[in-house]
Amino acid sequence: MSIVVTGATGSLGRLVVEELLARVPASEIVALVRDKEKAAGLAARGVELRIADYSEPATLAGAFRAGDRVLLISGSEVGQRVPQHTAVIEAAKAAGVAQLAYTGVLGGPDADFALADEHRETERIVLESGLPYTFLRNGWYTENYTANLAPVLAHGAVLSNAGEGRVASAARADYAAAAAEVLTGEGHLGRAYELSGDVAWSFTEYAAEVAAASGKPIAYRPLTPEAHLAVLTDAGVPAPFAEILVDVDLAIARGRLAGTSGDLSRLIGRPTTPLSLSVREAVSASA
Ligand SMILES: NC(=O)c1ccc[n+]([C@@H]2O[C@H](COP(=O)([O-])OP(=O)(O)OC[C@H]3O[C@@H](n4cnc5c(N)ncnc54)[C@H](OP(=O)(O)O)[C@@H]3O)[C@@H](O)[C@H]2O)c1
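Okay, so let's go over this structure.

Reading guide: rules and limits
Residues numbered from 1 in each chain as written. Predicted model: local features only at pLDDT ≥ 70, side-chain atom pairs only at ≥ 80, totals over all residues. Heavy atoms only, no water. Core = buried A, V, L, I, M, F, W, Y, C linked by side-chain atoms within 4.5 Å. Buried < 20%, exposed > 50% of the residue type's maximum accessible area, 1.4 Å probe, protein only. Helix = DSSP H or I, 4+ residues; strand = E, 2+ residues; numbered from the N terminus. Contact = heavy atoms within 4.5 Å. Near = heavy atom within 4 Å. Polar contact = N/O pair within 3.5 Å; in protein donor to acceptor, adjacent residues only side chain to side chain. Areas by Shrake-Rupley, 256 points an atom, 1.4 Å probe, with all protein chains shown as cover. Nonpolar A, V, L, I, M, F, W, Y, C, P; charged D, E, K, R; others polar. Salt bridge = Lys/Arg side-chain N within 4 Å of Asp/Glu carboxyl O.

### Focus on the nonpolar core
Then step 1. Membership of the largest hydrophobic core comes to 33 residues, with the highest contact counts inside it found for Val5, Val16, Leu20, Leu71, Leu136, Leu183 and Leu195.
Then step 2. Going through the elements one at a time, β1 (3–6), α1 (11–21), β2 (29–33), α7 (172–184), β9 (191–195) and α11 (263–268) are the ones with two or more residues in this core.
Then step 3. Looking at this core element by element, the count peaks at eight residues for α7.
Then step 4. Those residues in contact with Leu183, other than ones at most four positions away along the chain, are Ile3, Val16, Leu20, Arg69, Val70, Leu71, Gln99 and Ala101.
Then step 5. Of all hydrophobic cores here, the second largest spans 31 residues; its members include Leu115, Val210, Ile252 and Leu257.

Structural data, given as structure tokens:
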């Protein structure tokens, strides 16, 4: 029996593998990746590599073994993810894995924004498969914001069409620790966790955190959805992705990413990483 992490060369997957390495011997961990070269560092540390592409079902045939505990990290190709995830779920079912954990989105079946559609459908397919499952319904990564500080610092403004909506974000590392816990611990089968930060913040508060960390005046400028879409596309964001971002902000305005169930801090046994700390680290890294 192994613990298999898909998307192990991605930002979340790398952190999950680090968390696993701190808990179990490397020989028990498998990284399922599509690019062997990118995973060379993991192989050097004793992690077994299996090569497969979600888009090529034949490559998934040997990806899993009976009894494996599997983390399916959702794919990054929006619009392709239902057939991709279906192929992984079918391969896991055929192999007889002991657990399929899936990184979905906060709210699960109740998440009513475009980016959630493929997650909802994937959860449905997992349930239909009959596999022993754990749903990790991840809220927003704080890094969705802190990785894009350059324009905020350059213009002294945080732009959003989320109005006064709040985001209970957490650091990717927090979500990674939760994933490692459900893959190594007991009592997580048949459970759905609503994972999010302990504190939901507004964009006014986010701007204040960036101002405090950078020593620069930073203001929140709420925009209409139309104005935000224009800013994003003018900045070179492809229109379909800009529309998704605007739709996410509308979901934030409706409170869809503000839930603070406490599931994440309970699973990881510590408070989630505060916004102020993530912002301070990102500002120093950008200096
Ligand atoms: N909660 C949030 O705020 C949030 C934000 C962004 C994304 N997400 C979701 O969470 C997932 C993980 O986040 P992340 O930050 O780790 O994203 P990421 O860095 O883009 O990682 C995505 C991973 O999926 C792998 N992948 C994509 N398409 C694949 C395919 N066809 N076959 C096999 N592997 C494939 C990538 O492989 P390579 O390493 O070879 O590219 C990568 O390892 C994302 O994919 C997305 O579904 C959540």
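So that's the structure; there's more coming.
### Points about the site of the ligand
Then step 1. Surveying the vicinity of the ligand reveals 23 residues, the closest of which are Thr9, Leu12, Lys38, Ser74 and Gly75.
Then step 2. Separating an oxygen atom of the ligand from a backbone N or O atom of Gly75 is a distance of 2.7 Å.
Then step 3. Here the ligand has 890 Å² of accessible area as a free molecule, and 83% of this is covered by the chains.
Then step 4. Those elements giving two or more residues to the shell around the ligand turn out to be α1 and α3 (81–95).
Then step 5. Its residues assigned to classes, the shell around the ligand shows six nonpolar, eleven polar and six charged.

### Quick notes on the side chain of Glu118
Then step 1. Mapped onto the elements, Glu118 comes out in helix α4 (residues 117–129).
Then step 2. Among the polar contacts made by the side chain of Glu118, one reaches the main-chain amide nitrogen of Gly79 at a distance of 2.6 Å.
Then step 3. Setting aside residues up to four positions removed in sequence, Glu118 forms contacts with Glu77, Val78, Gly79, Gln80, Arg81, Val82 and Tyr102.

### Structural notes on the pattern of salt bridges
Then step 1. Taken as a whole and assessed by the stated rule, the structure comprises 18 salt bridges.
Then step 2. Between Arg23 and Glu19 there is a salt bridge, and its shortest N-O distance comes to 3.4 Å.
Then step 3. The exposure class of Arg23 is partly exposed, given its relative accessible area of 38%.
Then step 4. Arg124 is paired through a salt bridge with Glu121; the nearest N and O atoms lie 2.8 Å apart. On the criterion of helical spacing, the pair formed by Arg124 and Glu121 is a turn pair, its members being three residues apart in helix α4.
Then step 5. Within this structure, Glu19, Arg23 and Glu181 form a network of salt bridges that share partners.

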